[in-house]
Amino acid sequence: MSILQAIDIDKQFSDHQALTKVSVDVPEAKIFGLLGPNGAGKTTLIRIINQITAPDNGQLLFKGKPLKGEDVYKIGYLPEERGLYKKMKVGEQAIYLAQLKGLSRTDAIKKLKWWFGKFEILAWWDKKVEELSKGMQQKIQFIVTILHEPELLIFDEPFSGFDPINANLLKQEILTLKEKGSTIIFSTHNMSSVEEICDHIALINKSKKILDGPVEAIRQQFKTAQFECTYQGSYTEAAQIIHGKAEIIEHKENHQVHYLKAELNPGIENNEFLTLMMQKVKITSFSEVIPSMDDIFIRVVKNAN
Amino acid sequence: MTSFNKIATIIAREYNTRVRKKSFLIMSIVGPILFAGLMVTPAWMAQMEDTEEKLIAVADSSHLFLGEFPESKYIKFEYLPDADIEKYKSNFYNSNYYALVYISHVVASSPNAVHLYSDKSPSLGVQMHISNAIEKRLERDKLKTYGIDENVLQAVKTNISIRSVKLSKSGEEKETNFNLFMAIGYLAGFLIYFTIFFSGSQVMRGVIEEKTNRIIEVIISSVKPFELMMGKILGVGLVALTQFALWIGLTIGIYYTVIPVLMPDVAKMTQPQQVQVDTFMETGSSLQTQAPTEEMNTEISDMLGALSGVNFGAIIISFIIFFFGGYFLYAAMFAAIGSAVDSEADTQQFMLPVTLPMIIAIIAMVNVIQNPESPLAFWLSMIPFTSPVVMMARVPFGIPYSQVILSAVILIITFVLVTWMAAKIYRTGILMYGKKSSWKEIWKWLTYNN
């Protein structure tokens, strides 16, 4: 079941087309990666989901019903451009932002104290924001985003500007939130973070969606017939017997352990290749090469351009 | 949470953060001290001037002025036996004279025949005192040569105080007092002008702050940009009202409590209203024989008559309408400007065209108050960008209600239109980071669907 569906979203700004017939389907209780190069239209789509801007055409469904004003209380948003009032005290400011998300003052204080305690930052409550480091401010921004326990969380480039320790903390919290049943949309141009935590992705390039689906399915879809294999025995004999069945890409030898990377010729199955090899050498490992999201991203974007 | 609740939450933040600032506290305290100071300074200065006894020596070679200089409490005259001015000048430092007046024998024919020597700069008051006395004496002599008796002259002297009465259609008569109307008109016009600029730029700075510290996108994912804009405008407006209330309250407080204690003499001079009215009440029933009392009576009855001629209800209602109408109109434009820039330094190109009408209004106000029924006054009080200031300058003069209502309606319609446009600019502008906006671009933002 999908928590959010965007159907044929168009958005035109005076000098450029930001989104062209973009449709995405965000499944419930999953982490959904919204990927794409800078300027592809990710932030515009996110702003449309947050009802900050309206689409020119297209429809948004939240839990199957057209997205409406009150739905902002069920959404938590950490924008890429994020900040706090510098002159305001941390606690006061967090209460204000929580109130705008529909929490009562007492509720907001209770929840904030709990989270501040968890992150061990209760001592900051009466400090002014300008006295805090950037990393500290980001913790507060994160707390404020999730405080009202939204069903859908949207993080736009969440790790940008976070130091590694806070980035890891954030990642753990995101995974915990997913376990508790929240859905997370995660926008980034940094692919390496995607593989670890995303279940689904949609790839946007130059205002168009060019790819989407579950991460594993996409990687299977983009895999080539490449494999990596280690064995013990003679390289010459091995190379002879697979000649015409596979093209060798790379070969290395280290203390009698051989490493071979090759691509099967069309029509050749893994098993057929292995049977041939086993006649001459002792196989110690065999695995298909599954492309990383980074590779897929680069390939797809290149093709699209 | 309704839209109203959200706006209330925003107003509370905008209001609280501003009134808790040190600068607000300082303004609230310094303002009344300044105002109270402005009210008592002239009297205080005059008093300072007078408390020192000044002995002025008169060397009169025309022999016309012996005993002619009237003495006041602090100015005394000593008539020197001869007119050897060089001798007295050289001895001046050894004398205890404040100043030395030398009157040449050609005084009747030459206007430059009088010299005033002093080691200080004699005050204007002293100079006036001396020249008035000399003029009076010479005039009297000249009149005599034309055969006019002094008693005749006294009898001829007439004092006229005009009581201006406005006739209404229903035949009702109302006394008008131009000076009082002028004062009310200026005060109301300036107050509106000041608030629009002061609070308007606070709104603008607030918008720029939210943009530069990047909190804006967090907030507008919870509230509509329009709600944020209105909350800010209302919050800052309330701060201005609070400031006014504090100023008025504290000024009156200082005026009636601190000053009488610190400077009792000054207080007596500057707080005559109560005293005068009391005098009026007393003498009103008794025989009015003394000239000064009579004069005072005329003055006071003028004043009271004029006050009753001022339609305070109309003035207050119009003030509220034009104060809020003008403030909202301009604050919305200031908010739009703030949204279109990244820093205050970039606001220049947008500020001038927006503030120009206000500047024209304040300049024209002088003319309008002199002539509240002129075509200039009429048109400027109809154009919504100048009407808040200009109309308030006209209202005390009792211009037709139909004009006030028409102007108010135009202002409100414009305010709604401009706010609608400003909100469109605002909601696009606040999300444009690091871009230099131009008028052309802002015009395009109006066409965006958001």
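Conventions and cut-offs
- Note on numbering: residues in each chain are counted from 1, in written sequence order.
- Each chain takes a letter, starting from A, and each ligand takes a number, starting from 1, following the order in which they are written.
- A pLDDT threshold of at least 70 governs which residues receive local features in this predicted model, and a stricter bar of 80 or more applies before side-chain atom pairs are shown or counted, although totals over entire chains, interfaces and linings include all residues.
- Excluded from the side-chain calculation are hydrogens and water; included are all heavy atoms of the structure.
- Numbering goes from the N terminus for both helices and strands, where a helix is a DSSP run of H or I of at least four residues and a strand is a run of E of at least two.
- Our radius of gyration is a C-alpha quantity, and the globule rule it is checked against amounts to 2.2 Å times the number of residues to the power 0.38.
- The buried label goes to any residue with under 20% of its type's maximum accessible area, the exposed label to any with over 50%, and the partly exposed label to all in between, with areas taken from a 1.4 Å probe on protein chains only.
- The Shrake-Rupley method, run with a 1.4 Å probe sphere, supplies the accessible areas, and residue values consider only the shown protein chains as cover.
- Think of it this way: Lys and Arg go in the positive column, Asp and Glu in the negative one, and His and the chain ends go nowhere.
- We put the charge of a Lys on NZ, of an Arg on CZ, of an Asp on CG and of a Glu on CD.
- Put simply, the grid is 1 Å and covers the protein atoms alone, a cavity is a trapped set of points that fit a 1.4 Å probe, a pocket is an open set with protein on both sides within 12 Å along at least five of seven lines, and lining residues have an atom within 4 Å of a point.
- Grid points are joined across faces, edges and corners, and a volume is the space filled by probe spheres set on the points.
- When residue character is reported, Ala, Val, Leu, Ile, Met, Phe, Trp, Tyr, Cys and Pro are called nonpolar, Asp, Glu, Lys and Arg charged, and the others, Gly included, polar.
- When checking whether two residues touch, look at their non-hydrogen atoms; a contact exists if any pair is within 4.5 Å.
- Buried area is calculated as the accessible area (1.4 Å probe) missing from two parts once they are joined, with the contributions of both summed.
- Each salt bridge in this description consists of a side-chain nitrogen of Lys or Arg and a carboxyl oxygen of Asp or Glu lying within 4 Å of one another.
- Identification of polar contacts relies on pairs of N or O atoms within 3.5 Å, with a donor-acceptor requirement for protein atoms, meaning one able to donate a hydrogen and the other able to accept it, and with residues adjacent in sequence counted only if both atoms are side-chain atoms.
- Only strands joined by at least two bridges in the DSSP assignment are considered to pair.
- Simply put, an axis is a line fit to the C-alpha atoms, just over the touching stretch for a helix, and the angle between two N-to-C directions goes from 0 to 180 degrees.

What follows concerns the overall build of chain A. Scanning chain A from N- to C-terminus turns up 10 helices and 14 strands. Taken over C-alpha atoms, the radius of gyration comes to 25 Å for chain A, far larger than the 19 Å a tight globule of 305 residues would show. Referenced to the eigenvectors of the C-alpha coordinate spread, the extents of chain A come out at roughly 75 × 45 × 35 Å. Among the 305 residues that make up chain A, the fraction classed as buried is 51%. Put simply, chain A shows about 14,200 Å² of open surface, and 49% of that area lies on carbon and sulfur atoms. Taking the 38 positively charged and 39 negatively charged side chains of chain A as two groups, their mean positions are separated by 5 Å.

Moving on, we come to empty space enclosed by the protein. This structure, assessed with the given rule, holds 3 cavities of 30 Å³ or more. The space that makes up the largest cavity amounts to roughly 110 Å³. In this structure, the largest cavity is lined by 14 residues; those nearest its centre are Tyr77, Leu97, Val144 and Thr145 of chain A together with Val218 of chain B. Sorting elements by how many residues they give to the lining of the largest cavity places helix H4 (residues 134–146) of chain A first, with 3 residues. Class assignment of the residues belonging to the lining of the largest cavity gives a composition of 7 nonpolar, 5 polar and 2 charged. Within this model, the second largest cavity holds a volume of roughly 40 Å³.

In this assembly, 30 residues from chain A lie in contact with 26 residues from chain B. Carbon and sulfur atoms supply 57% of the area that chain A and chain B bury against each other, a total of about 2,700 Å² over both sides. A per-residue breakdown of the area chain A buries against chain B is headed by Ile52, Tyr85 and Leu100 of chain A, which together make up 24% of the total. Scanning the region where chain A abuts chain B turns up 3 salt bridges. For Glu81 of chain A, the salt bridge is made with Arg214 of chain B, and the minimal N-O distance between the two is 2.5 Å. The interface formed by chain A and chain B holds 11 residue pairs in polar contact (both at pLDDT 80 or more) in total. With 6 residues, helix H2 (residues 90–100) of chain A is the single largest residue contributor to the side of chain A that touches chain B. Tallied by class, the residues present in the side of chain A that touches chain B amount to 14 nonpolar, 8 polar and 8 charged.

As a further point, take the sheet that holds strand E10 (residues 208–214) of chain A. All names here are of chain A. Taken in spatial order, the 6 strands line up as E6-E7-E8-E3-E9-E10 in an open sheet, and their pairing is mixed. Unpaired on one side and paired on the other, strand E6 (75–78) and E10 mark the two borders of the sheet. Across this sheet, the average inter-strand angle for adjacent strands is 15°, counted without regard to direction. For strand E9 (residues 200–205) and E10, the ladder comprises 6 bridges, and the chain directions are antiparallel. Looking at E10, one finds that Ala202 is bridged to Asp212. Along the sheet, helix H7 (residues 215–222) makes contact with E9 and E10, crossing E10 at roughly 105°.

As a further point, take the layout of surface pockets. Gaps between atoms show up when a probe of the same size as a water molecule is rolled over them. Residue and element names in this part refer to chain B. If you add up the space inside the largest pocket, you get close to 1,000 Å³. Together, 23 residues line the largest pocket, and Ala183, Leu187, Ala188, Leu191 and Ile248 are the ones closest to its centre. Those elements that place two or more of their residues in the lining of the largest pocket are helix H2 (22–51), helix H6 (178–212), helix H8 (225–262) and helix H12 (312–340). When its residues are assigned to classes, the lining of the largest pocket shows 21 nonpolar, 2 polar and no charged.

Next up on the list: the side chain of Lys211 of chain B. Residue and element names in this part refer to chain B. If you trace the backbone, Lys211 turns up in helix H6. In this structure Lys211 comes out as buried when scored by relative accessible area, which is 1%. Among all residues touching Lys211, those that are not within four sequence positions of it are Ile216, Gly338, Ser339, Ala340, Val341, Asp342, Gly429, Ile430, Met432 and Tyr433.

Residue and element names in this part refer to chain B. Read across the open sheet, the 4 strands follow the order E2-E1-E3-E4; overall the sheet is mixed. On the outer flanks of this sheet lie strand E2 (75–79) and strand E4 (114–117), each paired with one strand and no other. For this sheet, the mean angle separating the axes of adjacent strands, direction not counted, is 25°. Where strand E1 (residues 54–60) meets E2, 5 bridges bridge the pair, whose relative direction is parallel. If you follow Ala57 over to E2, its bridge partner there is Glu78. Helix H4 (residues 124–145) rests against E1, E2, strand E3 (99–103) and E4 of the sheet, and its axis sits at about 55° to E2.

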